[in-house]
Structure formats: C-alpha cells, structure tokens
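Single-letter residue listing:
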Amino acid sequence: MTRVIVIDDEEDIRNVLKVVLERAGFEVDVAASADEGMNLLRDKKADVVITDIIMPGKDGVDAVYDIRMEFPKTRIIVISGGGNPNPSDYEPRAIKTSAYLASASAAGADVSLTKPFDREELVNAVRTLAERS
Amino acid sequence: MAVTLNSISSRMVLALLAIHAVLLPALFYGVLAIVKIGQEEAFVDHARNSARLIADTFAADKALGSEQETVRQLDNAVLGGRSTYAVLYTDERTYVSSLMDASEVRSFSEDFVFGDHDDDVYYLSVPLELENTVAALHLGFDESPTLTQIAGVQKTLTNIILVYFFVSLLLVALLSALLAKPIQQLRQDSREVASGNYSKHLLVSSRIHEIAELTRDLETMRSNLVGVNSKLQEEIAEREAAEAKQQSLEVRLRHAQRLESIGTLAGGIAHEFNNVLLPLLLYTELALEDLPEDGSTRENLEKVLKLGNRAKGLSQQILTFGRQAGDAEKLALDIAPVVEEALSLVRALIPATIEIRADIKHNIGTLLCDESQIQQLVVNLCSNAFRSLSVGGGDITVTVDEQHVTEDFVEKYPRLRVGKYVCLAVGDTGVGMDSATLNRIFDPFYTTREVGEGTGLGLSVVHGIVLKHDGEIVVWSKPGEGSVFRVFLPLAGQQSAGHSDDSD
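Residues numbered from 1 in each chain as written. Chains lettered and ligands numbered in written order. Predicted model: local features only at pLDDT ≥ 70, side-chain atom pairs only at ≥ 80, totals over all residues. Heavy atoms only, no water.

Enquirer: Any details on the pattern of salt bridges? Residues and values, ideally.
Expert: What the rule picks out here adds up to 27 salt bridges over all chains. The partner of Glu289(B) in a salt bridge is Arg23(A), with the nearest N and O atoms 2.8 Å apart. Remark: Arg23(A) occurs in helix H1 (residues 11–23) and Glu289(B) occurs in helix H4 (residues 209–290); the pair is interchain, linking two chains. Residue classification places Glu289(B) among the partly exposed residues on the basis of a relative accessible area of 42%. Judged by its relative accessible area of 38%, Arg23(A) is partly exposed. With a closest N to O distance of 3.4 Å, Asp29(A) and Lys44(A) form a salt bridge. Of the two residues, Asp29(A) is situated in strand E2 (residues 27–31) and Lys44(A) in the loop between helix H2 (34–43) and strand E3 (48–52); the sequence distance between them amounts to 15 residues. (Salt bridge = Lys/Arg side-chain N within 4 Å of Asp/Glu carboxyl O. Helix = DSSP H or I, 4+ residues; strand = E, 2+ residues; numbered from the N terminus. Buried < 20%, exposed > 50% of the residue type's maximum accessible area, 1.4 Å probe, protein only.)

Enquirer: Residues and numbers for the sheet that holds E2(A), please.
Expert: Residues and elements named next belong to chain A. Sheet architecture is open: 5 strands sit in the order E2-E1-E3-E4-E5, paired in parallel fashion. Among the strands making up the open sheet, the edge pair consists of E2 and strand E5 (111–114). On average, adjacent strands in this sheet sit at an angle of 20° to one another, irrespective of strand direction. Pairing of strand E4 (residues 75–80) with E5 involves 4 bridges; the strand directions are parallel. Within the sheet, the bridge partner assigned to Ser 80 lies in E5 and is Thr 114. Lying on the sheet, H1 is in contact with strand E1 (3–7), E2, E3 and E4; it crosses E2 at an angle near 175°. (Pairing = 2+ DSSP bridges. Axes fitted to C-alpha atoms, helices over the stretch in contact; angles between N-to-C directions. Contact = heavy atoms within 4.5 Å.)

Enquirer: Describe in detail the packing of helix H1 (residues 8–60) of chain B against helix H2 (residues 67–79) of chain B, supporting the description with residues and values.
Expert: Residues and elements named next belong to chain B. The geometry of H1 relative to H2 is characterised by a closest axis approach of 11 Å and an angle of 160° between their N-to-C directions. Between H1 and H2, the angle falls in the class roughly antiparallel. Handedness of the H1/H2 crossing: right-handed. The residues of H2 that touch H1, namely those facing Ile 54, Thr 57 and Phe 58, are Thr 70, Gln 73, Leu 74 and Ala 77. A breakdown of the residues in the contact of H1 with H2 according to their chemical character gives 4 nonpolar, 3 polar and no charged. (Parallel < 35°, antiparallel > 145°, perpendicular 65-115°, else oblique. Left-handed = near helix turned anticlockwise from the far one by under 90°. Nonpolar A, V, L, I, M, F, W, Y, C, P; charged D, E, K, R; others polar.)

Enquirer: Please set out the packing of H1(B) against helix H3 (residues 144–194) of chain B residue by residue, giving values where relevant.
Expert: All names here are of chain B. Contact geometry of H1 with H3 gives a least axis separation of 10 Å together with a crossing angle of 160°. Between H1 and H3, the interaxial angle falls into the category roughly antiparallel. Of the two elements, H1 crosses H3, and the hand of that crossing is right-handed. Here the residues of the contact of H1 with H3 are counted per class, giving 22 nonpolar, 9 polar and 1 charged.

Enquirer: So what's going on with unusual backbone geometry? Residues and values would help.
Expert: Across residues other than glycine, the phi torsion is negative in most instances, and most of the peptide bonds are trans. Cis geometry marks the peptide bond from Lys115(A) to Pro116(A); its omega dihedral reads -10°. Tracing the sequence through the fold places Pro116(A) in the loop between E5 and helix H5 (119–132). In this structure, Asn363(B) takes a positive phi of about 55° despite not being glycine. Mapping Asn363(B) onto the fold places it in the loop between strand E6 (354–360) and strand E7 (366–369).

Enquirer: Can you tell me about the sheet that holds strand E11 (residues 482–490) of chain B, naming the residues and giving the values?
Expert: Residues and elements named next belong to chain B. Ordered in space as E6-E8-E9-E11-E10, the 5 strands form an open sheet in which the pairing is mixed. Among the strands making up the open sheet, the edge pair consists of E6 and strand E10 (472–478). Neighbour-to-neighbour, the strand axes of the sheet open up by a mean angle of 15°, direction not taken into account. Both E10 and E11 contribute to a ladder of 7 bridges, which runs antiparallel. Bridge pairing in E11 links Lys 478 to Gly 482.

Enquirer: Quick one: what's the story with the nonpolar core, residue by residue and with numbers?
Expert: All names here are of chain B. Within the largest apolar cluster, 42 residues are counted, with the highest numbers of intra-cluster contacts made by Val 339, Ile 396 and Val 398. The set of elements that each furnish at least two residues to this core consists of helix H6 (335–349), E6, E7, helix H7 (371–388), strand E8 (394–405), strand E9 (419–428), helix H10 (458–468) and E11. The residues touching Val 398, leaving out its near neighbours within four places in the chain, are Val 339, Leu 343, Ile 356, Arg 357, Ala 358, Asp 359, Ile 360, Cys 382, Leu 424, Ala 425 and Val 426. (Core = buried A, V, L, I, M, F, W, Y, C linked by side-chain atoms within 4.5 Å.)

Enquirer: How would you sum up the environment of Ile356(B)? Please name residues and give values.
Expert: Residue and element names in this part refer to chain B. Relative to the elements of secondary structure, Ile 356 occurs in strand E6. The spacing of Ile 356 and Gly 394 is 38 residues in sequence and 8.9 Å in space, taken between C-alpha atoms. When residues no more than four places from it in sequence are discounted, the contact partners of Ile 356 are Leu 343, Val 346, Arg 347, Ile 350, Ile 396 and Val 398.

The values reported here are purely geometric and, on their own, carry no functional implication.
Structure (structure tokens):
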C-alpha cells in the first residue's frame with residue numbers, strides 16, 4: 001500500500017488531509033513539524049511526503065533538502081497557502097510563497113500545490129508520484 | 001509734447017535770443033557808426049571843397065567890387081546850391097547875401113563839427129587874400145540831406161535786423177521741431193514697447209546721426225531683451241511642464257505604492273484565508289460523502305460547499321491582484337483567439353438583451369502572456385461594462401487592434417515604450433464615472449455597487465494583470481455617456497524594451 005506522510009503545522013489541515021488520503025486508499029501518517037516528519041520517515045519509509053512550505057522552525061524548503069539527501073527515492077509534494085506569509089509570525093526566507101515554491105522545486109520537490117486545492121488534484125498527484133517511486 | 005523751458009525748442013529759442021541780445025545791438029551800432037563816419041567825412045570834404053571854389057571866385061577878382069557886385073557874388077554862392085549861408089567879413093564892413101535874413105548872421109571863431117549843433121547847418125570860415133585887405137568868407141552848408149540819409153540807413157538797418165531776427169527765430173523753431181520729432185517718435189515707440197508690445201520695432205529714421213545711433217542702440221537693446229524674454233518664457237513653460245510631469249509621476253508613484261502595500265496586506269490575508277478554506281472545503285466534501293443521497297443536512301452542506309468555493313474564488317482574485325497567485329506562465333500567443341474564447345464565456349454569462357459587438361483583428365503578432373490571465377482580464381472588463389449598463393440594456397464593444405505607441409503617449413503613460421502594442425478596448429454605453437470614481441477604480445475592494453453585487457476586486461485584478469504584462473490601462477469615462485477601458489499590451493519583441501524592473 002502506498003505510504004504517505006503529511007507534514008503541516010496546522011492541525012486541521014494535516015488531519016483533513018489524512019482523512020482524505022485514507023479514503024482514497026493510502027496509508028497516512030501525520031507530523032506537526034519538519035523534524036517530526038523526518039523521524040517518522042526514518043522509522044517507516046514512505047513513498048510520498050506532503051509538506052507545508054511555510055512553517056515555524058524548519059520550513060518546507062529545508063524539509064525537502066533533508067528528505068532528498070536521506071531518501072532520494074521519496075516523492076515530495078509541497079503545498080502552499082499562496083499570498084505571502086505574515087512576517088510577524090515567522091522569519092520568512094522569502095516575501096512571497098511563489099519564491100518559496102521555486103526554492104522547494106530547486107531543492108527537489110516533485111509537485112507543488114497551492115491551497116485551497118481540489119481533492120482530486122491532491123489524490124491524483126499522490127497516485128501519479130506513487131507509481132513513479 | 002508740452003512746451004516747457006526744458007524742451008529742446010525752448011532751449012534753442014532761448015539760446016538764439018541770448019546770442020542775438022548781444023550780437024544784434026553790436027551789429028546795429030557798429031554798422032551805423034561806420035555809415036555815419038563815412039557820410040560825415042564825405043559831407044565835410046564836400047563843404048570844404050565848395051568853400052574853396054567859392055573863395056577862388058573872389059580871389060580871382062583880386063579886389064572886391066562894388067557892394068552890389070559882392071552881394072551878388074555871395075548870392076551866387078548860395079544859389080549854386082552849395083551853401084545856405086554866405087557872409088563876407090572885411091576890415092571895413094560885412095557883406096550879407098541878399099538871399100538870407102540879416103538876423104541869421106552869426107559869428108563864430110572856428111569851423112563847426114558836423115551834427116554838433118541845432119540848426120542842421122554846417123558853418124565854416126575860409127580866409128580870402130585880396131590885394132588890399134584880408135577878408136574872411138563864412139559859409140553855411142545844409143546838413144539835413146546827409147542826416148536824412150543816415151536816418152534812412154538806420155531805418156533800413158533796423159528793418160533788416162528785425163526781419164533777420166524773426167526769420168532766424170522761425171527757422172530755429174522749425175529746426176528744433178524737426179529735431180524733436182524723431183525723438184518724440186522714439187519716445188512714443190519705446191513707451192509702446194515698455195507697455196508690453198515687445199515686437200514693436202524702433203525704426204525712427206533721422207539724418208541726425210546721434211538720433212540715428214540712439215535709435216539703433218535702443219533697437220538692439222529691445223531685440224536683445226525680446227530674445228532674453230522669450231527665452232525666459234520658454235524656460236518658464238518648460239519648468240511648468242516638467243513640474244506638471246513630475247507631479248503626475250508622483251501621483252502615479254503614490255498610487256502604485258498604495259496598491260503595492262494593499263497587495264501585500266491582501267496577500268497575507270489570503271494566505272491565512274486559504275489555510276482555513278482548505279480544511280473547510282475538504283471536511284465538507286468528506287461529510288457529504290457520508291450522508292445519504294437526500295435530506296436537508298446534505299442540502300445545507302452543499303450550500304456550505306458552494307459558499308466555500310465562492311470564498312475560494314474570492315481568495316484567488318485577491319491573489320491575482322497581489323500578482324502572486326501561482327506562477328503565471330507566459331507564452332507567446334496570438335491574442336485574438338484568447339479574447340474570442342473569453343467573449344464566448346462572457347456571452348453565456350450576460351443576458352441576451354445586451355449586445356456585444358466584437359471587432360477582433362487577427363494576426364497582429366504574438367504577445368508574451370498568460371492565457372488564463374488575459375481571459376480573466378476580458379471577463380472582468382466585460383462584467384464591469386455589463387454592470388454599468390442600466391436595466392434597459394445597451395451595448396458593449398470589444399475591439400482588438402494594433403496600436404503604435406508614440407513618444408507623446410509615452411510621456412503621459414511612462415510605463416509604456418515607443419513601439420507596437422496590442423490595444424484591447426472594452427467600451428460600454430452605461431452610466432459612466434465621474435473623476436473621483438475614476439481615481440479609485442483600481443483600488444481593491446472599491447465598488448460603486450450594492451453590497452453583495454460586486455467584490456470590488458474585478459478592476460484591481462485587471463490592473464494587476466496589465467502591470468504584470470508590462471502594459472498600461474487607459475480609461476475614458478463620462479457620466480451618462482459610458483466608459484472605455486483601453487488595455488495596451490506590448491507585442492512580443494517589444495517586451496525587451498518594457499520595464500524589466502517593474503515585474504516582481
């Protein structure tokens with residue numbers, strides 16, 4: 001069965017994605033931070049990692065780097081809220097999420113999705129990547 | 001010109017009077033004295049010669065004849081017209097001419113001086129040497145003809161001097177008037193120049209070279225001043241134009257900065273908004289899956305989903321305005337089919353009572369653009385045009401044409417560059433806008449519509465798209481007549497000349 005790990009600092013998002021993906025027939029684990037996600041990945045390998053890109057602490061771009069270094073075969077989907085992060089909440093590496101997405105792609109992300117994406121869009125992306133991994 | 005003592009004419013006349021006050025009396029008395037002396041000398045010579053001739057007639061006889069004879073001889077002297085008085089004194093007696101009264105006889109010891117006595121007679125005595133005795137012949141000559149002659153000369157002289165005086169006075173007056181005329185003309189002309197008619201030439205012609213030179217110098221000064229003046233005027237106009245341009249640029253810059261900051265704010269809101277929307281939409285979908293096919297709960301949840309999707313659209317509009325939604329992929333496209341496709345969508349959206357007249361020119365050239373954004377631009381502009389039409393209907397005109405942007409146009413819209421552009425124009429016959437509205441139409445969330453009818457994002461999204469494509473949007477509108485939105489987008493190849501620093 002295709003294993004997916006969802007990393008997002010927002011509980012509601014990671015939980016709804018877990019339900020959506022499980023209903024689509026994937027095995028899903030969730031993590032609230034990039035480090036937690038890395039530990040999960042080390043414990044039991046995953047085919048696809050879905051990570052939010054703007055998070056406190058280690059952000060999505062760093063997460064993509066780390067995953068690429070340790071697990072080159074794992075496919076990565078980065079998701080972004082679009083617009084721009086509120087600078088008072090984080091120390092943003094870029095003013096706009098489009099720049100984050102570009103950095104993540106450069107770091108080796110396979111697909112990027114902008115929130116709010118459709119259910120089918122996400123499921124199809126995971127399915128396509130899983131076939132490739 | 002008022003005649004004062006300080007005018008040229010008065011001064012010249014006064015000078016003439018002063019000169020003549022000295023010169024004329026001197027001339028008069030000098031000439032008169034010369035004439036007098038000459039006449040006197042001539043008279044005295046004549047008297048003496050005459051006396052000598054008369055004396056000679058007596059001396060020729062050697063001795064006096066009878067008394068009768070002698071008196072007759074004296075009468076002859078008088079009658080000869082040479083004298084008016086003839087008396088002969090001898091030792092023995094005195095002979096008097098019978099032609100004169102004895103009472104007139106006078107005695108004198110020496111010759112008279114001409115004019116130095118009352119009766120206008122010049123008396124002189126001539127000695128006679130006769131054989132037996134010494135006698136003295138006294139003769140008197142009338143001075144009056146000579147005196148009359150002198151008086152005549154004096155009178156003539158006076159007349160000549162008077163005539164001369166008045167003629168010269170007249171000449172001086174005329175000359176000074178002639179002299180003053182060009183000066184007066186010059187004064188009049190320069191007054192005209194001073195009162196603002198700078199093009200008035202100072203062209204007084206005068207043979208008097210001081211005046212001619214003065215005129216020339218003043219004219220040179222005037223033309224120099226006119227040159228300097230027009231240069232100054234030009235500089236002032238240039239400065240004013242530059243200031244106006246500067247001002248309009250500042251207004252544009254402020255506007256751009258305001259849009260930029262609102263864009264950043266909106267982007268931040270959208271980011272948070274999307275993080276809420278995603279689970280909201282997905283949870284709703286999940287809940288719907290679990291519900292039976294009918295029932296009011298399902299209906300309600302479907303409404304939630306619909307509203308959530310509307311919120312999603314709104315959020316995307318905000319992001320497009322913020323020019324950050326996704327990464328627009330620009331491709332070289334012919335704009336005509338893109339616009340036509342968008343129009344077919346618009347036709348489906350608006351009532352059939354609204355006529356959309358399209359004049360789309362094909363094969364203009366390619367445009368480096370994001371197809372979906374161009375379509376959104378057309379849809380938003382048409383939707384805006386539709387909303388401005390009243391209930392009764394109206395027309396919407398959509399044209400696509402090639403447009404050559406000129407330097408003048410660039411001056412007004414500095415975002416553009418000289419060269420070939422595509423001009424997409426959307427016009428309506430709707431309510432139009434006043435200038436206060438025109439200034440704010442691209443502000444996000446600005447709307448003239450009722451709450452719920454419009455988001456106030458449509459035109460700011462259009463603005464964002466236009467800027468992203470290095471274009472410019474020019475709006476014409478008049479209350480009651482309608483509006484025309486003209487979007488200028490650079491043709492491919494033109495792009496390099498566009499603002500590369502303006503893109504984000």
